[in-house]
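Understanding the architecture of this molecule
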Amino acid sequence: MTEQTVLIIDDEPDIRELLEITLLRMGLDTVTAGNVQDALSKIEEYQPNLCLTDMKLPDGNGIDIVRYLQKKYPHIPVAVITAFGSMDTAVEALKAGAYDFVSKPVDLPKLRELIQTALKLSASRGNKHASSDNSDDPHGNSILGHSPAMQQLKGTISKLARSQAPVYIHGESGSGKELVAHQIHLQGSRSKGPFIPVNCGAIPETLMESEFFGHKKGSFTGAVVDKQGLFQAAHRGTLFLDEVADLPLTMQVKLLRAIQEGAVKPVGGLEEIPVDVRILSATHKSLEHEVAAGHFRQDLYYRLNVIKLKVPPLRERQDDILLLADFFLQKIAERWQMPPIRLSVAARGELQAYSFPGNVRELENVLERASTLCDNNTIQPDDLQLSATSQTAPVPPPLSIPQWAGEAPEVDKIPTVTDKLPAWNPINEDEERNLIVRALEQTRWNRTKAAELLGMTFRQLRYRIQKYGLDEG
């Protein structure tokens, strides 16, 4: 018997024979079964590397086999063969834990590709199925956290990585949805393929079709060369659609067709190009509410939401706050090339007591700000400024342009510490950099005066100038 064995389950001898011939030509060994009971016996006897099962069987259906494998042998992938157009059945199989599905009549080239990727997954997990401890996960360190909520999330990621089913990742802004999507990709059979994240809300509507599907030279003004789209870039990998709720309805129709057909047509192209892509999507909005409001197509929603995964907010995993804080402070110190930054005991208590409405992203921003404001590389509660950020703070108004702007300023017109900004609470790095630049410009790049204007020490401002690569030019 060869090293890899595939169990074929179908009650039609002709189908079994066709599949056997296909697999033997791929250098694989085969075992066959004609019903559920026989299949379960063969699974116990041969421990196959992969199962291919028809949906309708004399004594049950393929989902019975999927559930059996999920319970006893979760490392064995199973692909379900469904009748043409039976999408509801296919979705049910994927939710039960099937790796993927193929429709009758079977497209043999697609089947061969599916088998190859499934066997790679089986081989990578074959030695791990006896353990359910997530600490054995080689990718587990990329998602920090030991709280019950995170242990559950890591376990779910591990299960979803075994499938090819589309996953809809739901969670609040800043909770780490892209990191979760990347982990699903890294732990699956497509890990050696590309992971292509795209923020759907950041692409102008006029360019969306070209960005997703590519275009041909001369197809519109400015198309001076052929361009590959995101689907082609993600071929044999994963396409992560972040903020998918922001897609306009016209693009939703085209995206649905690309997913259904497994092919894309570049703008100005005449032929469709086959693509093999796993779709993961995310948004901080409620897609259900968007569908009800008529802003999101229901058919696309069902295509994307085969499996729904919720990423817990930071307030539901407060045991992880200090672990994350220490990790971020280490990163900040390394990036700024400064000594280690510590949290005082009181500051650690403040962090644990705070609800973090902006989640992990807010925690990182708070620590970056505190690292510039602290003395002796030790962050105190006042440096965190959590009382100011516990409520949604308005964006600080821009600095007023002094009347002498553009003139040769006199010394007494340079702002003093009494002209502090109304609030030093930038919500992101771009805003922080902008405030620093404008303060420097107001003070004619007098760093001491700019530090006073911003309410920080000269050393803290110097770190920021170094961080953002600012100079007097």
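If you're wondering where the values come from, they're calculated on a predicted model, not measured in any experiment.

Calculation criteria
Residues numbered from 1 in each chain as written. Predicted model: local features only at pLDDT ≥ 70, side-chain atom pairs only at ≥ 80, totals over all residues. Heavy atoms only, no water. Helix = DSSP H or I, 4+ residues; strand = E, 2+ residues; numbered from the N terminus. Buried < 20%, exposed > 50% of the residue type's maximum accessible area, 1.4 Å probe, protein only. Contact = heavy atoms within 4.5 Å. Areas by Shrake-Rupley, 256 points an atom, 1.4 Å probe, with all protein chains shown as cover. Pairing = 2+ DSSP bridges. Axes fitted to C-alpha atoms, helices over the stretch in contact; angles between N-to-C directions. 1 Å grid on protein atoms, 1.4 Å probe; cavity = no way out; pocket = protein on both sides within 12 Å on 5 of 7 lines; lining within 4 Å. Points joined across faces, edges and corners; volume = space filled by probe spheres on them. Nonpolar A, V, L, I, M, F, W, Y, C, P; charged D, E, K, R; others polar. Salt bridge = Lys/Arg side-chain N within 4 Å of Asp/Glu carboxyl O. Left-handed = near helix turned anticlockwise from the far one by under 90°. pLDDT = per-residue confidence, 0-100. Core = buried A, V, L, I, M, F, W, Y, C linked by side-chain atoms within 4.5 Å. Phe/Tyr/Trp six-rings, centres within 6.5 Å; stacked < 30°, edge-to-face > 60°.

A few words on the overall build of the protein. Helix and strand content of the protein: 20 helices and 16 strands. The 473 residues of the protein split such that 49% are buried. When contacts within the protein are restricted to residue pairs at least 6 apart in sequence, long-range pairs at least 24 apart make up 71% of them. When the accessible surface of the protein is totalled, it reaches about 23,200 Å², and 50% of it is carbon and sulfur.

Attention shifts here to the sheet that holds strand 14 (residues 307–310). With parallel pairing, five strands are arranged side by side in an open sheet as 9-10-13-8-14. Each end of this open sheet is capped by a strand with a single partner; those strands are strand 9 (195–199) and strand 14. Put simply, the sheet's adjacent strands are angled 20° from each other on average, direction ignored. By the bridge criterion, four bridges tie strand 8 (residues 167–170) to strand 14 in an arrangement that is parallel. Along strand 14, the bridge assignment pairs Ile 169 with Leu 309.

Moving on to empty space enclosed by the protein. Here the idea is plain: a probe the size of a water molecule rolls over the atoms and shows the empty space left. Applying the stated criterion across every chain, the model contains four cavities of 30 Å³ or more. Put simply, the second largest cavity is a space of about 60 Å³. In the lining of the second largest cavity, the residues fall into eight nonpolar, two polar and one charged.

The next thing to look at is the pattern of salt bridges. According to the stated counting rule, one finds 17 salt bridges in the structure shown. Taking the shortest distance from any N to any O, the salt bridge between Lys 42 and Asp 38 comes out at 3.7 Å. Separated by four residues within a single helix, Lys 42 and Asp 38 lie in helix 2 (residues 36–46), roughly one turn from each other. When its relative accessible area of 19% is taken as the criterion, Lys 42 is described as buried.

For the pair helix 18 (residues 429–442) and helix 20 (residues 458–468), the least separation of the axes is 11 Å and the interaxial angle reads 115°. Of the two possible hands of crossing, helix 18 and helix 20 adopt the one that is left-handed. Where helix 18 abuts helix 20, its residues Glu 429, Glu 432, Arg 433, Ile 436 and Leu 440 lie against Leu 461, Arg 464, Ile 465, Lys 467 and Tyr 468.

Of the consecutive residues Lys 104 and Pro 105, the connecting peptide bond is found in the cis state with omega at -5°. One non-glycine residue with positive phi stands out, namely Glu 243, at about 50°. Residue Glu 243 is classed as buried on the basis of its relative accessible area of 12%.

Turning next to the sheet that holds strand 7 (residues 100–103). With respect to topology, five strands assemble into an open sheet ordered 2-1-3-6-7, the strand pairing being parallel. At either end of the open sheet lies a strand with only one pairing partner, and these are strand 2 (29–33) and strand 7. For this sheet the average axis-to-axis angle between neighbouring strands, irrespective of direction, equals 20°. With four bridges joining them, strand 1 (residues 5–9) and strand 3 (residues 50–54) adopt parallel strand pairing. Counted as the bridge partner of Val 6 is Leu 50 from strand 3. On top of the sheet, helix 1 (residues 13–25) reaches strand 1, strand 2, strand 3 and strand 6 (78–82); it is set at about 165° to strand 2, its chief contact. Against the sheet, helix 3 (residues 62–72) makes contact with strand 1, strand 3 and strand 6, and its axis sits at roughly 155° relative to strand 3, the strand it touches most.

Moving on to the layout of surface pockets. The computed volume of the largest pocket comes to approximately 1,200 Å³. As for the largest pocket, its lining consists of 40 residues, and the residues nearest its centre are Phe 101, Lys 110, Ile 259, Gln 260 and Gly 262. Of all the secondary-structure elements, those providing two or more residues to the lining of the largest pocket are helix 4 (87–96), strand 7, helix 5 (108–125), helix 10 (249–261), strand 13 (277–283) and helix 12 (298–304). Grouping the constituent residues of the lining of the largest pocket by class yields 22 nonpolar, nine polar and nine charged.

It is worth spelling out the confidence of the model for the protein at this point. In this model, the protein carries an average pLDDT of 82, and 85% of its residues clear a pLDDT of 70 or more. Per-element confidence in the protein ranges from a low mean pLDDT of 59 for helix 17 (residues 386–389) to a high of 95 for strand 10 (residues 237–242). In this model, residues 127–141 is a region of pLDDT below 50 whose contacts with residues beyond four sequence positions or in other chains number 11 contacts. A low-confidence stretch, residues 389–420 stays under pLDDT 50, and its non-local contacts, those more than four residues away or across chains, total 38 contacts.

What follows covers the environment of Glu 20. Turning to its location among the elements, Glu 20 is positioned in helix 1. Considered as a pair, Glu 20 and Val 31 are 11 residues apart in the sequence and their alpha carbons are 8.4 Å apart.

Counting 31 residues, the largest nonpolar core has Phe 212, Phe 231, Leu 239, Leu 241, Leu 247, Ile 279 and Phe 296 as the members making the most contacts within it. When residues of this core are assigned to their parent elements, the largest contribution, five residues, is made by helix 10. Among all residues touching Leu 241, those that are not within four sequence positions of it are Val 198, Cys 200, Phe 212, Leu 255, Ile 279, Leu 280, Ser 281 and Ala 282. Membership of the second largest hydrophobic core comes to 26 residues, among which are Ala 325, Trp 336, Met 338 and Leu 384.

Turning to helix 7 (residues 177–186), its buried residues number three or more, namely Lys 177, Val 180, Ala 181, Gln 183, Ile 184 and His 185. Summarising the contacts, the buried residues of helix 7 are in contact with helix 6 (148–160), strand 8, strand 9, strand 10, strand 13 and strand 14.

Here we come to the environment of Leu 114. Inspection of the secondary structure puts Leu 114 in helix 5. Sequence separation of Leu 114 and Val 102 is 12 residues, and the distance between their C-alpha atoms is 8.8 Å. The contacts of Leu 114, once residues within four sequence positions are left out, are Ala 79, Tyr 99, Asp 100, Phe 101 and Val 102.

Two measures describe an aromatic ring pair: the distance that separates the ring centres and the angle between the ring planes. Per the stated rule, a full pass over the model turns up seven aromatic pairs. Pairing Tyr 301 with Tyr 302 gives two aromatic rings, centres 5.5 Å apart and planes at 55°, and the pair type is tilted. By relative accessible area, which is 10% here, Tyr 301 ends up buried. An angle of 80° between the planes, with centres 4.6 Å apart, marks the rings of Tyr 354 and Phe 356 as edge-to-face. The exposure class of Tyr 354 is buried, given its relative accessible area of 7%. Phe 356 gets classed as buried once you look at its relative accessible area, which sits at 0%.

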